[in-house]
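Report on the structure
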Amino acid sequence: MTNVIALYNIKGGVGKTSAAVNLAWTAADEGARVLLWDLDPQGAASYLLRIRPKVRGGGAKLVRGKSDPTALLKGSDHPRLDLLPADFSYRNMDLALDATKRPTEGLDRVLAQIAGDYDYVFLDCAPAISLASESVFFAADVLLVPLIPTPLSLHAYDQLRGFVADEVAKPRPRILAFLSMIDGRKALHRSVAGDLAADDGVLHSTIPAASDVERMGSQRRALAQFAPHRRAALAYGALWTELRGRLADGPTRSRRARGSGRSRRGPA
Amino acid sequence: MDPAHTQLLLPDGIDASAAADRLAAHVAVVTQRAHRTDRTFWDTFDGRLHAAGLALVDTGSRIALLDAATHAERAAGDHARSLRRLAVADLPAGELRDLLDPVAEMRVLTPIVRVRSRVLPVNVLDDLGKIVVRLRAEEPTVVAGKDARIALRSRLNVAGVLGYEADYERVLGLLAGELDLQPVAVPVQDEAVAAVGGVAGGTSSKLRVALAPGARADVAAVTVLRRLLEIIEVNVPGTLADLDSEYLHDLRVAVRRSRALQRELRGVFPPEPLRVFRDGFRELQVLTGPTRDLDVQLLEFADLAATLPAETVPDVAPLRELLELRLGAERAKMVRGLRSERTRALLDNWRDFLDALVDSPEDERPDAARPVEDVAGERIAKVYRQMVKMGRAIGPDTPHEALHDLRKKGKELRYLLEFFASLYPSEVVKPMVATLKGLQDVLGRFQDREVQADALRALGDDIAALEGGAAALMAMGVLVGHLAAEQEQAREQFDERFERFAAKPQRKLVEQMFG
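Criteria and cut-off values
Residues numbered from 1 in each chain as written. Chains lettered and ligands numbered in written order. Predicted model: local features only at pLDDT ≥ 70, side-chain atom pairs only at ≥ 80, totals over all residues. Heavy atoms only, no water. Helix = DSSP H or I, 4+ residues; strand = E, 2+ residues; numbered from the N terminus. Rg over C-alpha atoms; globule rule 2.2 N^0.38 Å. Buried < 20%, exposed > 50% of the residue type's maximum accessible area, 1.4 Å probe, protein only. Contact = heavy atoms within 4.5 Å. Lys, Arg positive; Asp, Glu negative; His and termini not counted. Charge placed at Lys NZ, Arg CZ, Asp CG, Glu CD. Phe/Tyr/Trp six-rings, centres within 6.5 Å; stacked < 30°, edge-to-face > 60°. Pairing = 2+ DSSP bridges. Axes fitted to C-alpha atoms, helices over the stretch in contact; angles between N-to-C directions. Buried area = accessible area lost by both parts, 1.4 Å probe. Salt bridge = Lys/Arg side-chain N within 4 Å of Asp/Glu carboxyl O. Nonpolar A, V, L, I, M, F, W, Y, C, P; charged D, E, K, R; others polar. Expected span 1.5 Å × (residues − 1). Arc of directions from axis to C-beta. 1 Å grid on protein atoms, 1.4 Å probe; cavity = no way out; pocket = protein on both sides within 12 Å on 5 of 7 lines; lining within 4 Å. Points joined across faces, edges and corners; volume = space filled by probe spheres on them. Parallel < 35°, antiparallel > 145°, perpendicular 65-115°, else oblique. Left-handed = near helix turned anticlockwise from the far one by under 90°. Core = buried A, V, L, I, M, F, W, Y, C linked by side-chain atoms within 4.5 Å.

With that settled, consider the overall build of chain A. In terms of helices and strands, chain A carries 11 helices and nine strands. In summary, chain A has a C-alpha radius of gyration of 17 Å against a globular reference of 18 Å for 268 residues, a match within 12%. Every one of the 268 residues in chain A was classed for burial, and the buried ones make up 57%. Relative to all contacts within chain A whose residues are 6 or more apart in sequence, the contacts with residues 24 or more apart total 81%. Charged side chains in chain A number 37 positive and 28 negative. The centres of these two groups are separated by 5 Å.

Set out below in structure tokens:
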């Protein structure tokens, strides 16, 4: 059974891409078969994995079923982590989806063809609520929301929860959040973290604001590749362990037939 | 979605670093630190994974099912806790078990060879510094004893990366052009098995003997019987160690086939020693019978229990426990018997007897020097005629024993055809085998269901005395009812199957060919 985890926040700059890349890498390191779909037209996840943000035929053909997604996959430097790269045309994803019959099911139709080969699929989503994000809500089992402990970020989180509860048809994705870019020296961060501690939808693991995370951009590698024993990498490891436990506890949405394929990776 | 894989042999004089250096002149490569791997390959005794193109490897931290040739991974799980045996049923539910189950069936997996390698990973990068081809230069050795290692041929494993197929092809082209590397024909695990004197593909219990037309009948008999003796002997250690139920099964089939040949080709043996050996082989069959019967009952237990209504299935648990208890006791008796001097002497003397047979006097061996196809043909025709006669005498009210006797005769014919079929035209043998198989299936089911029902009835008193015995007994009553119904179904199919077996065109063919 494949779990689809969408890194999502209405607000940008909260650590979605870093989380998507590091969590995907950690899961693959553990032995899982993992796909990361870089849905952000800026292509930051593709950049970090040193893969050109280019999809033959663009996003429109892909969601219209005119491209074979299996032919667009790229293996990363981790033998069990593949990427469906970003493409600049994803900026027009809403238009492309709108031109299809059931727009909100567009991304799910693509995933149905490839996700069966993987244990986990991570979606690195562009910020904002749009038709594309509604399609993400349809496709994902879990919306994983990085939260910066600031009032604005919490407000965006509340907005998201309200939107999913009011506007998204059942079965809705679960929403799980985690605190991102935490600076333990800031009183505001400590206070917000304390307020959220009792919220069942917020994971206990937090990601620190660390220079190693920023260095990913210059290194173009996952933390586990260049700073595996340092604080930030260990924090993503702990976050993954907690998330994996929560995924195992909760139901996977059953409206799609996934999990039929079988991946054959490299030599043992 | 499989990234392409190739394994190439590294010629003598070109080690891993040299290969990387040569490539570096054409593409960007990064050589990583060399590491050592220690892999134990597992298979069933008869090499079922090998036959299916698979390899199961335990790295000490995990166990993985691989494509035997490319080592591409199909499934993986936690590493084997036992160092000696691995039953597929003991694996946790999942892909690994699902893939292994239909291949290994009831056979356990045991370690067959251990390969230790030095591995030098070399990655080919593109202009963004991304890995586009993975090379693994391997210098393998096979562990041949406590401190003994035998070096195997070095190899270069080339693995493509999804979406970078052109780079893979380019690197392969460079390797072929620069280094003249040839593809590996024999996987490392097979080379390792051969290096320590084993046979890749395991130990088969199949007959596989080639008989020459026109050969003396005693020469042919000795050829077949030696092979059967070999099968008996290779299956003794696994039977004694109780690794799985197939060792005993294969041993018993070889004993039964030996007995059939002793009986059917009796004219090639001197009568008195033959009588002694036939007694000895009968004893061996009797010695191993109860254990095999209980093995079968336990192997079929789950399927049989599944015929019960779901809520009744747990009721038969005491029956299973009792069968297991009995099996333990019977196995102990059998093991004592198989380890005995008497059994050892029987098999040693039989081998000596076979070795000396062809050169022994022929005055009491009237068929010895006749062409084997004549002697075997007469027996095939005779047993076939006997079966036709026996089958025709079977009517609606005939006692069951008559059908059981016909099945026994049918086994005799089947063995004769298995031993000697290659000597006759296939257009004669093939339809005969097909109709015989159809008939034997029905007769087998007819008898097996009766034996199973009798076995359940025989356990009734003991089960009744156990805690939960009453519920078990009632469930067993239902099972006996099912078995009786299935036996009746088999009986209903008998006439039609027998008619096909004994049809006029087939009788005519048998008379023309063998009569």
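After that view of the structure, there is still more to cover.
Residue and element names in this part refer to chain B. Inspection of every chain in the model, using the stated rule, returns 16 aromatic pairs over all chains. Between Phe269 and Phe353 the ring centres are 6.2 Å apart and the planes differ by 25°, which places this aromatic pair in the stacked class. With Phe269 in the loop between α7 (245-264) and α8 (271-299) and Phe353 in helix α11 (residues 341-357), this residue pair connects regions lying 84 residues apart in the sequence. The class of Phe353 is buried, set by a relative accessible area of 13%. Here the aromatic rings of Phe419 and Phe420 are separated by 5.9 Å at their centres, their planes lie at 80°, and the arrangement is edge-to-face. Across the pair, Phe420 and Phe419 agree in class, each one buried.

This brings us to the sheet that holds strand β1 (residues 3-7) of chain A. Residues and elements named next belong to chain A. Spatial strand order, β3-β4-β2-β5-β1-β6-β7-β8: eight strands in an open sheet with mixed pairing. Strand pairing shows two members of the sheet lacking a second neighbour, β3 (74-75) and β8 (202-208), which therefore form its edges. Relative to β8, strand β7 (residues 174-182) runs parallel, the two being bridged by three bridges. The partner of Leu179 across the bridge, within β8, is Thr206. Contacts between helix α11 (residues 231-249) and the sheet are confined to β1, β5 (120-124), β6 (142-147), β7 and β8, with β8 contributing the most and set at about 165° to the helix.

On to the pairing of strand β8 (residues 131-143) of chain B. Residue and element names in this part refer to chain B. Summarising burial for β8: 11 of the 13 residues are buried, a large majority. Between the antiparallel neighbours strand β7 (residues 110-125) and β8 lie five residues, among them Gly129 with a positive phi of about 80°. Where β8 meets strand β10 (residues 155-160), six bridges bridge the pair, whose relative direction is antiparallel. Across the sheet, residue Val133 finds its bridge partner in β10, namely Gly160.

Chain B puts 26 residues into the contact, and the matching count from chain A is 24 residues. Taken together, both faces of the contact between chain B and chain A bury some 2,200 Å²; the carbon and sulfur share is 49%. Remark: the boundary between chain B and chain A carries three salt bridges. A salt bridge links Arg33 of chain A to Glu95 of chain B, with the shortest nitrogen-to-oxygen separation between them at 3.4 Å. Of all the elements in the fold, those that place two or more residues in the side of chain B that touches chain A are β5 (62-67), β6 (72-78), α3 (95-104), β8 and β10 of chain B. Residue classes in the side of chain B that touches chain A are distributed as 12 nonpolar, five polar and nine charged.

Glancing now at the pairing of β10 of chain B. All names here are of chain B. With six of its six residues buried, β10 lies for the most part within the structure. Of the two faces of β10, the one lined by Arg155, Asn157 and Ala159 and the one lined by Leu156, Val158 and Gly160 are each fully buried. Pairing analysis gives five bridges linking strand β1 (residues 5-9) to β10, with the strands arranged antiparallel. By the bridge assignment, Gln7 is partnered in β10 with Asn157.

The next point concerns helix α4 (residues 165-179) of chain B. Residues and elements named next belong to chain B. For α4, with 15 residues, the first-to-last C-alpha span of 21 Å sits near the 21 Å given by 1.5 Å per residue. Three or more residues of α4 are buried, namely Tyr168, Val171, Leu174, Leu175 and Leu179. One side of α4 holds all its buried residues, which, seen down the axis, span an arc of 125°. Summarising the geometry of α4, the exposed residues directed more than 90 degrees from the buried face are Ala166, Glu169 and Gly177.

Right, let's get into empty space enclosed by the protein. Residues and elements named next belong to chain B. Evaluated as defined, the whole model comprises five cavities of 30 Å³ or more. When its volume is computed, the largest cavity comes out at roughly 90 Å³. In this structure, the largest cavity is lined by Gln297, Glu300, Phe301, Leu304, Leu319, Leu323, Gln452, Ala455 and Leu456. Element by element, the count of residues in the lining of the largest cavity is highest for helix α14 (residues 426-464), at three residues. A class-by-class count of the residues in the lining of the largest cavity yields six nonpolar, two polar and one charged. In this structure, the second largest cavity encloses a volume near 80 Å³. In terms of lining, the second largest cavity is formed by Phe41, Trp42, Asp43, His50, Leu54, Ala55, Leu56, Ile112, Gln189, Asp190 and Gly201. Of the residues that constitute the lining of the second largest cavity, the class distribution is six nonpolar, three polar and two charged.

Attention shifts here to the packing of helix α6 (residues 217-241) of chain B against α7 of chain B. In helix packing, the relevant descriptors are the interaxial angle and the interaxial distance, both defined with respect to the helix axes. Residues and elements named next belong to chain B. Two elements in contact, α6 and α7, have axes whose closest approach is 8 Å; the angle formed by their N-to-C orientations is 155°. Classed by the angle they form, the pair α6 and α7 counts as roughly antiparallel. Crossing hand, α6 versus α7: left-handed. Contact with α6, carried on its side by Ala221, Val224, Leu225, Leu228, Ile231, Ile232, Asn235, Val236, Gly238 and Thr239, involves Tyr247, Leu248, Asp250, Leu251, Ala254, Val255, Arg257, Ser258 and Leu261 of α7 and no other residues of that element. In terms of residue class, the contact of α6 with α7 is made up of 13 nonpolar, four polar and two charged.

Right, let's get into the nonpolar core. Most often, soluble globular proteins keep nonpolar side chains buried together rather than apart. Counting residues in hydrophobic clusters, the biggest one holds 70 residues, and the most contacted among them are Leu413, Phe420 and Phe494 of chain B. When neighbours within four sequence positions are excluded, Phe420 of chain B is seen to be in contact with Leu211, Leu261, Leu265, Val372 and Ala376 of chain B. Judged by nonpolar contacts, the second largest core, of 69 residues, contains Ala45 and Ala210 of chain A together with Leu120 and Val122 of chain B.

Quick look at helix α8 (residues 187-196) of chain A now. Residue and element names in this part refer to chain A. Buried residues of α8: His189, Val192 and Leu196, and no others. For α8, the angular spread of buried residues about the axis comes to 70°, placing them on one side. Buried residues belonging to α8 abut β6, α7 (151-167), β7 and β8.

Looking now at unusual backbone geometry. Of all residues except glycine, most have a negative phi; of all peptide bonds, most are trans. Residue and element names in this part refer to chain A. Looking along the chain, the bond that leaves Lys170 and enters Pro171 is cis, with omega of -5°. As for its placement among the helices and strands, Pro171 is situated in the loop between α7 and β7. One non-glycine residue with positive phi stands out, namely Met181, at about 55°. Within the secondary structure layout, Met181 lies in strand β7.

Residue and element names in this part refer to chain B. Scanning all chains against the criterion turns up 57 salt bridges over all chains. Arg107 is the salt-bridge partner of Asp250, the closest N and O atoms lying 3.8 Å from each other. Residue Asp250 is found in helix α7, and its partner Arg107 is found in the loop between α3 and β7; the two are separated by 143 residues along the sequence. Residues Asp250 and Arg107 agree in their burial class; the two are buried. Asp454 is the partner of Arg457 in a salt bridge, and the nearest nitrogen-oxygen pair spans 2.8 Å. One end of the pair, Arg457, and the other, Asp454, are both in helix α14, three residues apart, so they sit about a helical turn from each other. By sharing partners, the salt bridges in this structure join Asp46, Arg48, Glu105, Arg107, Asp244, Glu246 and Asp250 into a single network.

Just geometry here; none of it tells us what the structure is for.
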